[in-house]
Amino acid sequence: MSDVVEKTLTALPALLALDSQPGAGKLSSTSRLRHLIRSITELTSKHEEEKLIKKELAAIKDQVSSPNTTMRQMRELMVRAMYCEMLGYEADFVYIHAIKLAQQGTVLEKRVGYLAVSLFLNENHELLLLLVNTVLKDLQSTNLIEVCMALTVVSQIFPKDMIPAILPLVEEKLSHPKEIIRRKAVLALYKFYLIAPNQVQHIHGKFRKALCDKDPGVMMSSLHIYLQMIKENPASYKDLTGSFVTILRQVVGGKLPLDFNYHSVPAPWLQIQLLRILSLLGREDQSMSELMYDVLDESLRRAEMNHNITYAILYECVKAIYTIHPKAELLEKAARCIGNFVLSPKINLKYLGLKALTYVVQHDANLALQHQMTIIECLDHSDLIIKRETLELLFRITNAQNVTIIVEKMLGFLRLCNDDYTIIDLVGKVAELAEKYAPDNEWFIQTMNVVFSLGGDLMQPDLPSNFLRLFADGSESEEQDRQLKLYAVDSYLAVLKGDCSHLPQRFLQVISWVLGEYSCLKEDVDQQEVIRLLKKLLEQRGVSSETRSWALSALTKLCKGPGYAELALELAESLSSSLDTVLRQQAHELCLLSQDSQLHARVLPHPAPSDNLEVDSSLSFLDGFVSDALAAGAAPYKPPHQRQEELSQQRALSLEPYGLSLPVTMSSCTLTDRQSPTFLSMSSDLSGNSTELSHRTGANTLMLEGVKRVWGKDGYIPQKEPSLTPAAVDEPSDVVQSPDQQGAAETSLPEPEPEPPQLDQEKQQLASSLFVGLGSQNSMSLLGKTEVAVPRFRRKARQHESASTSGTSESSSNSSHSSRSTTDSFLYGGLLEEEPATPIQNSYHTLKPTIANGSHDARQHSQMVSSTSENEGAATVSAKEDKQANSSQILGSDMVIVRPSKLAEESIVSQRNCSKSLPVAFPHSSDSMVLQLPSELQELPHSDVVSLTSDPHLSVSCCRVFREDALLLVLLLFNPTETALRDVAVELSCEELETASLRGNVMECLEGRKSSVCRYTLLMERPHTQVAFTGSVSYQTQPGHTHILPFSGKLSTADFIRPLMLNTEEYGKLWLSISNDVKQNLKLLTGGGDPLRATLNALKDSLQLHIVDIIGSEGIVACHLLRGGPCLMHCRVHGASLAVWLRSPLPSLPDCLLYHCQRALQEH
Amino acid sequence: MLMQFMLLFSRQGKLRLQKWYVPLSDKEKKKITRELVQTVLARKPKMCSFLEWRDLKIVYKRYASLYFCCAIEDQDNELITLEIIHRYVELLDKYFGSVCELDIIFNFEKAYFILDEFLLGGEAQETSKKNVLKAIEQADLLQEVN
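Everything in this summary refers to the structure shown in the same document. Numbering of residues starts from 1 in every chain and runs along the sequence as written. Labels are handed out in written order, letters beginning with A for the chains and numbers beginning with 1 for the ligands. Per-residue local features are limited, in this predicted model, to residues with pLDDT of at least 70; the limit for side-chain atom pairs, both in listing and counting, is 80 or more; totals at the level of whole chains, interfaces and linings are taken over all residues. To obtain the side-chain values, all non-hydrogen atoms of the structure were used and water was disregarded.

The numbering of helices and of strands both runs from the N terminus, where a helix is a DSSP run of H or I of at least 4 residues and a strand a run of E of at least 2. Broken down by element type, chain B carries 5 helices and 7 strands. Scanning chain B from its N terminus toward the C terminus, one meets helices and strands in the order β-β-α-β-β-β-α-α-α-β-β-α. Split into buried and exposed, the 146 residues of chain B put 67% on the buried side. Contacts were defined at the residue level, with two residues in contact if any of their heavy atoms lie within 4.5 Å. Within chain B, counting contacts between residues at least 6 apart in sequence, those at least 24 apart form 50% of the total. Carbon and sulfur atoms form 53% of the exposed surface of chain B, whose accessible area is close to 5,300 Å². Only protein chains enter the accessibility calculation, which uses a 1.4 Å probe; a residue whose area is less than 20% of its type maximum is buried, one above 50% is exposed, and one in between is partly exposed. A 1.4 Å probe and the Shrake-Rupley method give the accessible areas. Residues count as covered only by the protein chains that appear here.

All names here are of chain A. DSSP bridges decide pairing: two strands pair if at least two such bridges lie between them. Judged from the 6 bridges that link them, strand 6 (residues 981–989) and strand 10 (residues 1026–1036) form a sheet pairing that is antiparallel. Residue pairing in the sheet places Arg982 in a bridge with Gln1036 of strand 10. Judged from the 11 bridges that link them, strand 10 and strand 11 (residues 1042–1052) form a sheet pairing that is antiparallel. In the sheet register, Tyr1035 faces strand 11, and the bridge partner there is His1043. In sequence, strand 10 turns back onto strand 11 through a hairpin of 5 residues, with Gly1040 there showing a positive phi of about 90 degrees.

On to the sheet that holds strand 10 of chain A, then. By way of backbone hydrogen bonds, the strands of a sheet pair with one another, either parallel or antiparallel. Residues and elements named next belong to chain A. The sheet built from 4 strands is open, its strands ordered 8-6-10-11 with antiparallel pairing. Among the strands making up the open sheet, the edge pair consists of strand 8 (1002–1006) and strand 11. Between one strand axis and the next, the sheet turns by 25 degrees as a mean value, whatever way the strands run. Every angle, taken between N-to-C directions, lies between 0 and 180 degrees, and every axis is a line fitted to C-alpha atoms, over only the stretch in contact when it is a helix.

Quick look at helix 23 (residues 420–437) of chain A now. An α-helical turn contains 3.6 residues, so any two residues separated by three or four positions project in the same direction. Expected helix span is taken as 1.5 Å per residue step, with the number of steps being one fewer than the number of residues. Along its 18 residues, helix 23 of chain A runs 26 Å from first to last C-alpha, staying within 8% of the 26 Å computed at 1.5 Å per residue. For helix 23 of chain A, the set of buried residues is Thr422, Ile423, Leu426, Val427, Lys429, Val430, Ala431, Leu433, Ala434, Glu435 and Tyr437 of chain A.

What follows deals with unusual backbone geometry. All names here are of chain B. A positive phi is found at Ala64, a non-glycine position, where the angle reads about 50 degrees. Secondary-structure assignment places Ala64 in the loop between strand 4 (56–63) and strand 5 (66–73). By relative accessible area, Ala64 is classed as exposed at 66%. In the Ramachandran plot, Ser98 falls in the positive-phi region, its phi being about 40 degrees despite a non-glycine side chain. Here Ser98 lies in the loop between helix 2 (78–96) and helix 3 (101–106). Look at Ser98 and you get exposed, because its relative accessible area is 55%.

Below, the discussion takes up helix 2 (residues 31–42) of chain A. The terminal C-alpha atoms of helix 2 of chain A, which comprises 12 residues, lie 16 Å apart, in line with the 16 Å expected from a rise of 1.5 Å per residue. For helix 2 of chain A, the set of buried residues is Leu33, Leu36, Ile37, Ser39 and Ile40 of chain A. The arc enclosing the buried residues of helix 2 of chain A, seen along the axis, measures out at 165 degrees, which places them on a common side. Within helix 2 of chain A, the exposed residues directed more than 90 degrees away from the buried face are Ser31, His35, Thr41 and Glu42 of chain A. Where the residues of helix 2 of chain A are buried, they touch helix 3 (46–65) and helix 4 (71–86) of chain A together with helix 3 and helix 4 (108–118) of chain B. The directions considered for the arc are those from the helix axis to the C-beta atoms.

This next bit is on the side chain of Glu146 of chain A. All names here are of chain A. In this fold, Glu146 is placed in helix 8 (residues 144–154). Positive charges are assigned to Lys and Arg, negative charges to Asp and Glu, while His and the chain termini are left out of the count. Here, a salt bridge means any side-chain nitrogen of Lys or Arg that lies within 4 Å of a carboxyl oxygen of Asp or Glu. For the buried Glu146, no salt bridge exists, and the shortest N-O distance to an oppositely charged side chain is 4.6 Å, to Lys110. Setting aside residues no more than four positions away along its own chain, Glu146 makes contact with Val107, Lys110, Asp138 and Ser141.

A few words now on the interface of chain A and chain B. Counting residues at the interface gives 76 residues for chain A, matched by 70 residues for chain B. For any pair of parts, buried area is found by adding up, for both, the accessible area (1.4 Å probe) each one loses once the two are put together. Counting the surface lost from both chain A and chain B, the interface buries some 6,700 Å², and carbon and sulfur atoms represent 56% of this. Together, Met86, Arg111 and Trp269 of chain A form the three largest contributors to the area buried by chain A at its contact with chain B, with a combined 12%. Close ionic contact of Asp140 of chain B with Arg111 of chain A constitutes a salt bridge, the shortest N to O distance being 2.8 Å. Lys, Arg, Asp and Glu make up the charged group, whereas Ala, Val, Leu, Ile, Met, Phe, Trp, Tyr, Cys and Pro make up the nonpolar group; the residues left over, Gly among them, are polar. For the side of chain A that touches chain B, the class distribution of residues is 37 nonpolar, 20 polar and 19 charged.

A word on the packing of aromatic side chains. We call Phe, Tyr and Trp rings a pair once their centres come within 6.5 Å, taking the six-membered ring for Trp, and we label the pair stacked below 30 degrees between planes, edge-to-face above 60, and tilted otherwise. Using the criterion set out here, one finds 24 aromatic pairs over all chains in the structure. Aromatic pair Tyr83 of chain A and Phe108 of chain B: ring centres 5.7 Å apart, planes at 45 degrees, arrangement tilted. Here Tyr83 of chain A is found in helix 4, whereas its partner Phe108 of chain B is found in helix 4 on a different chain. Taken as a pair, Tyr83 of chain A and Phe108 of chain B share a single burial class, namely buried.

Helix-helix packing is characterised by the crossing angle of the two axes and by the distance between the axes. All names here are of chain A. One way to put it is that helix 14 (residues 268–282) packs onto helix 15 (residues 286–302) with a least axis distance of 9 Å and a crossing angle of 150 degrees. In this view, helix 14 runs roughly antiparallel relative to helix 15, as classed from their interaxial angle. Every pair of crossing elements has a handedness; the one defined by helix 14 and helix 15 is left-handed. Across the interface between the two elements, Leu275, Leu278, Leu281 and Gly282 from helix 14 touch Met288, Ser289, Met292, Val295 and Leu296 from helix 15. In terms of residue class, the contact of helix 14 with helix 15 is made up of 7 nonpolar, 2 polar and no charged. Here the angle decides the label: under 35 degrees means roughly parallel, over 145 means roughly antiparallel, 65 to 115 means roughly perpendicular, and every other value means oblique. Should the near helix be turned counterclockwise from the far one by less than a right angle, the crossing is left-handed, whereas a clockwise turn marks it as right-handed.

Moving on: the sheet that holds strand 2 (residues 15–20) of chain B. All names here are of chain B. If you walk across this open sheet you meet the 5 strands as 2-1-5-4-3, and the pairing is antiparallel. Looking at the sheet topology across the chains shown, the edges are occupied by strand 2 and strand 3 (50–53). Across this sheet, the average inter-strand angle for adjacent strands is 20 degrees, counted without regard to direction. When strand 4 meets strand 5, the two strands line up antiparallel, connected through 8 bridges. The partner of Leu56 across the bridge, within strand 5, is Glu73.

Residue and element names in this part refer to chain A. Note on terminology: pairs of cysteine sulfur atoms within 2.5 Å are recorded as disulfides. Enumeration according to the criterion identifies 0 disulfides over all chains in this entry. Its sulfur unpaired, Cys958 is 7.1 Å from the next cysteine sulfur, which belongs to Cys959. With relative accessibility at 8%, the residue Cys958 sits in the buried group.

Running from amino to carboxyl end, helix 18 (residues 347–360) of chain A crosses helix 2 of chain B at an angle of 150 degrees, the nearest separation of the two axes being 10 Å. Taken together, the axis directions place helix 18 of chain A and helix 2 of chain B in an arrangement best described as roughly antiparallel. Contact residues: helix 18 of chain A offers Asn348, Leu349, Tyr351, Leu352 and Lys355 of chain A, while helix 2 of chain B offers Glu78, Leu79 and Leu82 of chain B. Per-class residue counts for the contact of helix 18 of chain A with helix 2 of chain B are 5 nonpolar, 1 polar and 2 charged.

All names here are of chain A. Locating Trp1071 in the fold gives a position in helix 47 (residues 1064–1073). Separated by 55 residues in the primary sequence, Trp1071 and Pro1126 place their C-alpha atoms 9.8 Å from one another. Apart from the residues within four sequence positions on either side, Trp1071 is in contact with Ser618, Leu1128, Met1129, His1130, Trp1141 and Arg1143.

Turning our eyes to something else, we now look at the environment of Ala980 of chain A. Residues and elements named next belong to chain A. Relative to the assigned elements, Ala980 resides in the loop between strand 5 (967–974) and strand 6. Ala980 sits 56 residues away from Gln1036 along the chain, and the two C-alpha atoms are 8.9 Å apart. In contact with Ala980, other than residues within four places in its own chain, are Asn975, Cys1005, Leu1006, Glu1007, Gly1008, Gln1036 and Thr1037.

To continue, consider the pattern of salt bridges. Scanning the entire structure with this criterion turns up 46 salt bridges over all chains. Salt-bridge contacts for Lys355 of chain A lead to Glu78 of chain B; the nearest nitrogen and oxygen are separated by 2.7 Å. In this pair, Lys355 of chain A sits in helix 18 while Glu78 of chain B sits in helix 2, so the two residues belong to two different chains. Judged on exposure class, the residue Lys355 of chain A and its partner Glu78 of chain B are both buried. Close ionic contact of Glu392 of chain A with Lys429 of chain A constitutes a salt bridge, the shortest N to O distance being 2.7 Å. Here Glu392 of chain A is found in helix 21 (residues 384–396), whereas its partner Lys429 of chain A is found in helix 23, with 37 residues between them in sequence. Accessibility assignment for this pair places Glu392 of chain A and Lys429 of chain A in one class, buried. If you follow the salt bridges from partner to partner, you end up with Arg388, Glu392, Arg396, Asp425 and Lys429 of chain A together with Glu52 of chain B in one network.

Structure (structure tokens):
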């Protein structure tokens, strides 16, 4: 009772001070705050404000710490403190009081306390822990307002680790009678799902309940969770598509209470949410898409009012239509809709129209064509954001014909732009376009010059290194390479002659390297002049030491012969006092090399040999030494991560307080033990041959001039090198063009029509140059950029492969040539889309009108010829070529879509099979039940069927099927009783694995003496030696009696390993590109035949490895982790043991594999 | 749909309200606020209400002397965000009775309460004007009866 009185008393002043009408809110603020705000507005300078706030904060500090301050006063103080924080002054001393206020205050004060907490603290603040108890208490309060406040604060900030403490209470609120509480509880769970998804995994069933809530508001909140979950794994929620469609239909049809209307549009937020969910579910899924065509059509139709909110819905609708499986009629409507956006006088709509166009042109380039005039207007728009979006659009429609004008526009924008983020982005895009579509060398170099000067030192570091790689690797035509190099040298000399003090360091480095490498190609240039310019650069102020090092490397290359001894001496002298050890050392090298021309020629041969210098960067010549040491009892080398692990384990056990000295010893042993090629690669960086920006490192002086860099510190190379990626390597012969044929191909295939050079002011003309190549001849919508020119600069890497397989392609006739090159161009077009197969047929259709127009060129004609000849199986085309051409249509020529696309098909096929054959009734005799895999799986390699668990009603077995793209875990359920089981549902989880349920995990009924299969595809994201999976089967023997049968099992890395098909050469390249390595001695199997062969075969059988080659006492083996990286093994017989050296880009994969190798050999 | 943050500031660049839905350090918050206020104020009235800023999309709108400014992710719907701002302004207007900047300055905690009732954790929680205000008024009333 006294409690009540007290509360009334404390509330009394509030009653007096406040007006109960919310409309009169102005009066309710406390006078102190008003006073503070007034005085601040009266101030004239920032300094005065600072003084005033400091005073204010001091006063607040005094008061909050005083024991006499009441909660009511505290509330008022808190508001003032919040105000000060908003002005940018820290008031951290009140944080703890905010928590206290939330804890101890009455509802009125609690509300301010919670607000203050959510404003002051962020998710990771340690004080938040103190809030947990308060929240717990309030969640259990009978006062609805308190519960609401607690849920509100929980969905804003809550410490992740403490979620389990309040989760049951929040869950309980899902069945609260009040709609508002249920809604907030769902949102709180959504928040938990975002920050700690595994904490709420077990309550997915409750999400479904929330989705079916009778209150639309609660249902709407649950959609946030569903959107998130579907984004992560659309496959598991396909069954809900129908429900979402129904909900959307009801919403669109105006079936919701009027409360949900917004400006007389029914529940727009809900509509947009649903449209998003549907587009995710319908993506690349025709059957799902078909379910939603009608409702999407209706949404388009209903949203006709001229108001932002309807446009918001329309925009989402259009996006959904273009995301799901296409339907012509809807696409047409959507395209019209985009047109309305683009043509709208409202700038916001115009922007969105452009954004939608950008999204859509990949599917339908024609749409851009329709709006070309608008696009051109937007290009000159005064608002930069519109311009920027327009450029983005143009970027997507660039082809060989319009590249110059588009790049010019982009560079023009770059010159005006001062936002770093945009610059980095655009510079990268220009460089990409320039490399892909450059019409000639001159243009390419000049464009890149602008890119380097504008992008400056902001740009991504791989941009200059890619550029240099282009030079280093060369393209397919030597003459063209030479021209490019010569032009670059010319251009750079001109740059250096001018004022280069303002140029970015990266640009100067590029210049130095190119001059050092190629200036001697140019006969008419005085080398002295080049040297003079480089020397000037070296001595120039404001040049970083990194750049100096590049310049000095270039000088070293140029100074050959005795004539330069003097210069070298001079440089060495001037740099001998440099503080930079690298420069000092390089100068010393220069000095020595210039004196000994023979040594110079050996170290820096010129011209750099086109074939690779054999450099044993793996230091295999030390293998014997290592094995000897191992045999003599030395500890095997452990990679740092393994040591780290062991270290932490040790730490956990020992109670030694100081573990800090350990990392130091570790680093020193890295240097001595590692014998790593990275050491070499560092030094080759210094020698300037590196196309990577040099890491300025220690004093190693090996000069590896002319070595083709295929390794990098962090494995930088694989990016554009098809030969290094396991996928492309599988069928190298498909991307082959033999060197001498290239010549022929190039003469017979002139470059795409040269860009009309004149640029008129006329927009029409601009339009025609911008949109050239998008017109009728390429109108097939699925192809996007079909005409796609053969990119000018093809990386040489491919030529390599051609050498090994040129035999096959040499037999091909001329017509197959052109078919090859056209397929190439398909590839380039097709790569942007993800529909590798369909465009090909289309292209044949659309070629005809082209020819009818008379604008065809020889290339297209010959394509026709070849395609028909292929179809007819004409004698000129051998079966082999046919295969080659066909497969290369699907395969990427220098990109790596090869396997994915194939695999995708396969997996689709297998899924279809599933659908046909399910539920599978096994052939069985009436008495003995033998569980068997479905027939289509039996052909795949698989393990034995192992029983996992059973109870009187059900037995669960499992079988691992080693599919090429994933591990298929097949669970076989068998009902040994006579009675049927109802509502059988299987759940499987494993934290370390990526799991996806294919089919069969939910069944309405499992008849007596029947069995059923359910399948999961599993992928291992990161290597683990072993992972455990757990799961459960729930079923009902009779309505209401749910049984749960848990099961668990183990999987090992070996299940996720697949052979990697490489040949020796590819293996060698890949080996050099990886640096993580592990060495270990293994048992050598003796008894019968060659021990090495026997051991390797044993490993191959148990671990699915691919033996690449066995040469004498050495063997090389390759495999890869599904979805992970490759792992290479190099084995060498040493005495009675097998010295194994593993390399993989995945740090822990070698260890895992070694473990399994050891086990496999022991078991043998 | 997740909103990253919402800022209210005056034409003079004074911050009036800030709500962060993603965890950021105070230093970052201040930097972002400073940069954004500058960028938005520099824009001309007829310009587009959307901005690309770092990897985010900024959606802003001016109401009288106040700028309302939201950050969303690139793939989010800009127009609906604009309507979220508008609905918030409507709510403030209804609650305060033709709201002006001063209302928000002097009663900023009320403005926060309304925002929290409307958007929870960056997502639209209750879009009905009536229901939001009902919830707020209930809390207001309960305080005094208690």
